[in-house]
Amino acid sequence: MSKQTYLTGITTTGTPHLGNYVGAIRPAIAASKSADNESFYFLADYHALIKSQDPAKVRQSRTEIAAAWLALGLDTNKATFYRQSDIPEIPELTWMLTCMTAKGLMNRAHAYKGVVQENIDAGSSDPDKGITMGLFSYPILMAADILMFKSTRVPVGKDQVQHLEMTRDIAQRFNHHFGDHLVIPEVVVDEDGALLAGLDGRKMSKSYNNTIPLFGTSKQLRKSIMKIKTNSQEPGEPKATENNTVFELFCAFGSNDEIAQLREDYAAGIGWGDAKQRLYEVIEAILAEPREKYNDLMANPADIEQVLQDGAKKARAVSAPYMAQLRKAVGLST
Ligand code: TRP
């Protein structure tokens, strides 16, 4: 396989949860360990401004998500790990791409259309009520994130696939006008991550308020797990593993042997309390050590800041010269 450039980002709103870990952080760290790959992972804090107008929360979330990546073992000597807002070339590229993006393409974006539909359903006279240009043109900012580092592989959840198609569209149009400067990326959909269920059985997501935080105390973790919705079957009744949130979560963390064992125990009628206890134990075994690292990092934010500053330097060593090339291509410099 030829060398690939992996890139992914997490929007810095809210506290990192198990879905972020299984869907984004864990596969990204695994990919970064392969010598064949180059990887760029970043904190999407410009994206956070689309959803949050609370400066303290944006700052806090950014620190927590950075600490989570580091505590879970991201090797920042291998991967380039940075904060989007430290890379001024990203908003510059965003503008160039904005001028290459058909408005009609953005009209079709799910994120935008979803809010329009909510407004219509609520009987509002203005379908664009509460919609900023930030939300409307968010896929262009995301395209700039991806194209800035010549990414070839972008691992994302299913909900982001359309944004990758738009990125490819925009890049092709740019290349058609200005020459072959941009690299056309491929999407990598992480099926496990897309399936990771939250407390209520729907996809684990900040927007559904059904998340299990990654780095609460072990007591909080246990308490969250005990809250997972189950049916009213009694201990002793055989239980189905299909569409069962406890079992699905267990599959994302347990070894194959542990999963096989739990499957047998479901058939033999394990009680929900016991099944949840097993889930707690398997997650706790994985998170106990990173949790300590996480707490250390959160107690020393200057260390996190240093890592991010170093990451920004590395990232800009790529983005600055590339931007100079793109400025020439569009006629802004000679
Ligand atoms: N929009 C993504 C999300 O909400 C986060 C993101 C921003 C991203 N820029 C990106 C993901 C670039 C992959 C590549 O999940």
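Residues numbered from 1 in each chain as written. Predicted model: local features only at pLDDT ≥ 70, side-chain atom pairs only at ≥ 80, totals over all residues. Heavy atoms only, no water.

**Observations concerning the packing of aromatic side chains**
To keep things clear, this is the line we draw: Within 6.5 Å between ring centres, the rings of Phe, Tyr and Trp (the latter by its six-membered ring) count as paired, and their orientation is classed by plane angle as stacked under 30 degrees, edge-to-face over 60, tilted in between. Labels follow the DSSP assignment, with helices taken as runs of H or I lasting at least four residues and strands as runs of E lasting at least two, numbered in each case from the N terminus. Note on exposure labels: buried denotes an accessible area under 20% of the residue type's maximum, exposed denotes more than 50%, and partly exposed covers the range between, all computed with a 1.4 Å probe on protein chains only.
For the structure on display, the rule yields eleven aromatic pairs. Between F174 and F178, the ring centres sit 4.9 Å apart and the planes meet at 55 degrees, which makes this aromatic pair tilted. In this pair, F174 and F178 are both assigned in helix α9 (residues 161-178), four residues apart and thus about one turn of the helix distant. The class for F174 is buried, based on a relative accessible area of 0%. Residue F178 is classed as partly exposed on the basis of its relative accessible area of 27%. Considering the side-chain rings of F247 and Y266, the 5.3 Å spacing of their centres and the 65 degrees angle between planes classify their relative orientation as edge-to-face. Note that F247 is positioned in helix α12 (residues 245-253) and Y266 in helix α13 (residues 256-267), a separation of 19 residues in sequence. Comparing F247 with Y266, the two get one shared label, buried. By the ring-pair criterion, three or more aromatic residues cluster together here, those being F40, F42, Y82 and F149.

**Description of the site of the ligand**
Inclusion rule: We call a residue near a molecule or strand when any one of its heavy atoms sits within 4 Å of it. Nitrogen and oxygen atoms within 3.5 Å of one another constitute a polar contact, given that in protein one can donate a hydrogen and the other can accept it, and given that sequence-neighbouring residues count only through two side-chain atoms. For the area figures, the Shrake-Rupley method with a 1.4 Å probe applies, and any residue is considered shielded solely by the protein chains shown. Residues were grouped as follows: Ala, Val, Leu, Ile, Met, Phe, Trp, Tyr, Cys and Pro as nonpolar; Asp, Glu, Lys and Arg as charged; and all remaining residues, including Gly, as polar.
By nearness alone, 14 residues border the ligand, and H47, Y138, M142, D145 and Q160 come closest of all. Take D145: an N or O atom from its side chain is 2.7 Å from a nitrogen atom of the ligand. Residue Q160 places a side-chain N or O atom 3.1 Å away from a nitrogen atom belonging to the ligand. When the ligand sits alone it has 370 Å² of accessible area, and the protein chains cover 88% of it. Within the residue set of the shell around the ligand, elements represented by two or more residues are β1 (5-11), β2 (38-44), α8 (138-148) and β4 (153-156). Considering only residue class, the shell around the ligand consists of eight nonpolar, five polar and one charged.

**A short note on the domain arrangement of the chain**
Stated formally: Throughout the structure description, domain borders are defined by an automatic or database domain assignment. By the convention used here, residues are in contact when the closest approach between their heavy atoms is within 4.5 Å. By buried area we mean the combined loss of accessible area, with a 1.4 Å probe, across both parts when two parts are placed together.
Segmentation of the chain into domains returns domain 1 (4-196 + 300-330) and domain 2 (215-295). Put simply, the middle of domain 1 and the middle of domain 2, counted by C-alpha atoms, are 32 Å apart. Listed by partner, the interface residues are eleven residues for domain 1 and eleven residues for domain 2. Surface buried jointly by domain 1 and domain 2 totals about 980 Å² across both partners, of which 72% is contributed by carbon and sulfur atoms.

**Focus: the nonpolar core**
Applicable threshold: Only buried Ala, Val, Leu, Ile, Met, Phe, Trp, Tyr and Cys residues count toward a nonpolar core, and they belong to the same one when joined by side-chain atoms within 4.5 Å.
L18, Y41, W69, F81, I212, L279 and I283 are the most contacted members of the largest nonpolar core, which has 53 residues in total. Residue contributions to this core peak at nine residues, all from helix α14 (residues 272-299). I90, A109, F149 and F174 belong to the second largest nonpolar core, which has 42 residues in total.

**Let's talk about the pattern of salt bridges**
What counts is decided by this rule: Salt bridge criterion: a side-chain nitrogen from Lys or Arg within 4 Å of a carboxyl oxygen from Asp or Glu.
Under the counting rule described, the total for this entry stands at eleven salt bridges. Here R83 and D86 are joined by a salt bridge, their closest N and O atoms 2.8 Å apart. For R83, a relative accessible area of 5% puts it in the buried group. Judged by relative accessible area, which is 22%, D86 ranks as partly exposed. In this structure, the salt-bridge partner of R327 is E92, at a minimum N-O distance of 2.4 Å. Of the two residues, R327 is situated in helix α15 (residues 301-330) and E92 in helix α4 (residues 89-98); the sequence distance between them amounts to 235 residues. For R327, a relative accessible area of 30% translates into the label partly exposed. Overall, E92 belongs to the partly exposed group, its relative accessible area being 26%.

**Some points on helix α3 (residues 55-71)**
So the rule is basically this: Here, expected helix span is obtained from the residue count minus one, scaled by 1.5 Å.
End to end, α3 covers 24 Å across 17 residues, agreeing with the expected 24 Å (1.5 Å per residue, within 8%). Looking only at α3, the buried set comprises V58, S61, E64, I65, A66, A67, A68, W69, L70 and A71. Where α3 terminates, the next one or two residues include G73, which has phi positive at roughly 105 degrees.

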